[in-house]
Amino acid sequence: MVKVGIIGVGTVGSSVVNILQKNRDIIKARAGKEIVPVLGIVKNLDKTRDLDIKLSDNIDDVLEDESIDIVVELMGGVEAPLEVVKKALAKNKAVVTANKAMLAYHRYELQQYAKEIPIGFEASVAGGIPIIKALREGLSANHIESIKGIMNGTCNYMLTKMMKEGVAFDVILKEAQDLGYAEADPSFDIGGFDAAHKLLILASIAYGIDAKPEDILIEGIENINKEDIFFANEFGYSIKLLTIAKKTDDAVELRVHPALIDRNAMIAKVDGVMNGVSVVGDCVGETMYYGPGAGGDATASSVISDIIDIVRNGSNSPMLGFKNILENSVLKLKKADDIFTKYYIRIEVEDRIGVLSKISNILGDHDISINSFIQKQSSDTQNATLLFSTHQCFEKNIQNAIHDLGACDFIRKNPVMIRIEE
Ligand code: HSE
């Protein structure tokens, strides 16, 4: 019998306990041994929980228990869980974690620390989709050309409701929280950080690159408003929080931001809490993964798959997919300034003579060519919202143009830019 201790028995932890009990027969048959959740660690023992597992509020009760073989870390945070995971490894216990924030900062350190002791982290990226295994095992013969994903269920749920039902941002955020999709601090979701953590984990497996969140471009969905949704609907786009990893020669571009994408693209059909990841390999071509990206049972499905793997064979794969350093092909991170794509810009202005020509001059001065344009009158008639899309240009030029536009006396609010991805 294999004994499991679970540190953090919230939405996902409760599902892990319930599924290990409910599906114990199939899990035993697949793993070859019975797997039993024996102890859960919670912060508040007084809270009523409908769970059939012994609880404690002392993490050492798991770490010091010699009979516990596998520690499931679901406590959240970065530094505190890192210490807990290291202590578990030091006690020779295998670890399964869903903690993408910790891995975004400490994945290489943990890989080195763990040596041969398995660390499973399938649940850290895209919830119930087995994307880690797909990328690390299934696509290991390939040079990975790109990864494009919708990897935050909360944002995707919110954007879908905003686009399809016109629901307001705050109302829909509350709903995503009530459904158990959002992080404890939802600014991790809506600010793009959660998706960035996941992207960095995948980028390690794909490219062997040790980037941290502060090294890459991260923008959230906070500024998306009804005018942007109007523009997207009008021009055949969908708005998604997109995670992008792209390899070009000796560099990798890593970025997370809202993007306008063709409404008919496969990834644009990934709606609600679902996640979708497209991975292009040089041998296989494009592969696409789709499934629930958040929620207790879906995430627990991935956590338990790691537990079963560990019980079966101790997990033979190197944690981040590389046995050796990729000699002579160390990839650089591409600078955000060098991104080359199309853009949408929303500018709220005083509606007076000459404004449009000044704007087009500023864009022209920065080598930016306008592709389409809509003017929407405000109800007060003195102001107007101008919505532009551009042809391809460098990010640096757009940033400089937005800076110059922001300094004009006719500007009512700071211009907002959304990248258009094709
Ligand atoms: N808050 C995350 C999301 C949970 O919404 O995708 C899954 O990592």
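Residues numbered from 1 in each chain as written. Predicted model: local features only at pLDDT ≥ 70, side-chain atom pairs only at ≥ 80, totals over all residues. Heavy atoms only, no water.

A. Looking closely at the packing of helix H1 (residues 11-22) against helix H12 (residues 296-313). For the pair H1 and H12, the least separation of the axes is 8 Å and the interaxial angle reads 60°. Judged by the inter-axis angle, H1 sits oblique to H12. The hand of the H1/H12 crossing is right-handed. On the side of H1, the interface is formed by Thr-11, Val-12, Ser-15, Val-16, Ile-19 and Leu-20, while H12 contributes Gly-296, Asp-297, Thr-299, Ala-300, Val-303, Ile-304 and Ile-307. (Axes fitted to C-alpha atoms, helices over the stretch in contact; angles between N-to-C directions. Helix = DSSP H or I, 4+ residues; strand = E, 2+ residues; numbered from the N terminus. Parallel < 35°, antiparallel > 145°, perpendicular 65-115°, else oblique. Left-handed = near helix turned anticlockwise from the far one by under 90°. Contact = heavy atoms within 4.5 Å.)

B. Representation of the domain arrangement of the protein chain. If you check the domain split of the protein chain, you get domain 1 (2-133 + 296-313), domain 2 (140-290 + 327-333) and domain 3 (336-420). For domain 1 and domain 2, the distance between their C-alpha centres works out to 26 Å. Contacts between the two partners involve 15 residues from domain 1, matched on the other side by 24 residues from domain 2. For the pair domain 1 and domain 2, the summed buried area comes to about 1,600 Å², and 69% of that belongs to carbon and sulfur atoms. Linking domain 1 with domain 2 are two salt bridges, by the criterion used here. A salt bridge links Lys-100 to Glu-183; its shortest N-O distance comes to 3.0 Å. Taken together, domain 1 and domain 2 are joined by eight residue pairs in polar contact (both at pLDDT 80 or more). Elements that contribute at least two residues to the side of domain 1 that touches domain 2 include exactly helix H5 (100-114) and helix H6 (131-138). (Domains from an automatic or database assignment. Buried area = accessible area lost by both parts, 1.4 Å probe. Salt bridge = Lys/Arg side-chain N within 4 Å of Asp/Glu carboxyl O. Polar contact = N/O pair within 3.5 Å; in protein donor to acceptor, adjacent residues only side chain to side chain.)

C. The environment of Met-158, seen in detail. Note on placement: Met-158 falls in helix H7 (residues 153-165). On the basis of relative accessible area, Met-158 is assigned to the buried category, the value being 0%. The spatial distance from the C-alpha of Met-158 to the C-alpha of Glu-175 is 8.7 Å, given a sequence separation of 17 residues. (Buried < 20%, exposed > 50% of the residue type's maximum accessible area, 1.4 Å probe, protein only.)

D. The site of the ligand, seen in detail. Close to the ligand lie Lys-100, Asn-152, Gly-153, Thr-154, Tyr-181, Ala-182, Glu-183, Asp-189, Asp-194, Lys-198, Gly-293 and Ala-294, which account for all nearby residues. A distance of 2.7 Å is found between an oxygen atom of the ligand and a backbone nitrogen or oxygen belonging to Gly-153. Between the ligand and the protein, one listed contact pairs a nitrogen atom with a side-chain N or O atom of Asp-189 at 2.7 Å. For the ligand, the accessible surface in isolation is 250 Å², of which the surrounding protein chains cover 94%. At the level of secondary structure, the elements contributing two or more residues to the shell around the ligand comprise H7 and helix H10 (193-207). For the shell around the ligand, a count of residues per class yields three nonpolar, four polar and five charged. (Near = heavy atom within 4 Å. Areas by Shrake-Rupley, 256 points an atom, 1.4 Å probe, with all protein chains shown as cover. Nonpolar A, V, L, I, M, F, W, Y, C, P; charged D, E, K, R; others polar.)

E. Quick peek at the pairing of strand E12 (residues 285-292). Here eight bridges tie strand E11 (residues 274-281) to E12, and the two strands are oriented antiparallel to one another. Residue pairing for E12: Met-274 is matched across the bridge by Pro-292. (Pairing = 2+ DSSP bridges.)

F. Molecular detail of a nonpolar patch on the surface. On the surface, a nonpolar cluster with roughly 220 Å² of combined accessible area is contributed by Leu-356, Ile-370 and Phe-373. Turning to its location among the elements, Leu-356 is positioned in helix H13 (residues 355-365). (Patch = residues over 30% accessible without salt bridge, like charges linked within 9 Å, V, L, I, M, F, W, Y side chains within 5 Å.)

G. Representation of the packing of aromatic side chains in the model. In total, this model carries six aromatic pairs according to the counting rule given. Among the aromatic residues, ring-to-ring pairing joins Phe-231, Phe-235 and Tyr-344 into one connected group. Seen from the ring of Phe-230, Lys-376 lies directly overhead, with NZ or CZ sitting 4.1 Å from the centre. (Phe/Tyr/Trp six-rings, centres within 6.5 Å; stacked < 30°, edge-to-face > 60°. Lys NZ or Arg CZ within 6 Å of the ring centre and 35° of its normal.)

H. Just the packing of H13 against helix H14 (residues 395-406), in detail. For the pair H13 and H14, interaxial distance at closest approach is 9 Å and the crossing angle is 150°. In this view, H13 runs roughly antiparallel relative to H14, as classed from their interaxial angle. The handedness of the crossing between H13 and H14 is right-handed. Of the residues in H14, those touching H13 at Ile-359, Ile-362 and Leu-363 are Ala-401, Asp-404 and Leu-405. Considering only residue class, the contact of H13 with H14 consists of five nonpolar, no polar and one charged.

I. Spotlight on H14. The terminal C-alpha atoms of H14, which comprises 12 residues, lie 16 Å apart, in line with the 16 Å expected from a rise of 1.5 Å per residue. Every buried residue of H14 is listed here: Glu-395, Asn-397, Ile-398, Ala-401, Ile-402 and Leu-405. Taken down its axis, H14 places every buried residue within 160° of arc, on the same side. Here the buried face of H14 lies against strand E8 (217-218), strand E14 (340-350), H13, strand E16 (383-390), strand E17 (393-394) and strand E18 (411-421). (Expected span 1.5 Å × (residues − 1). Arc of directions from axis to C-beta.)

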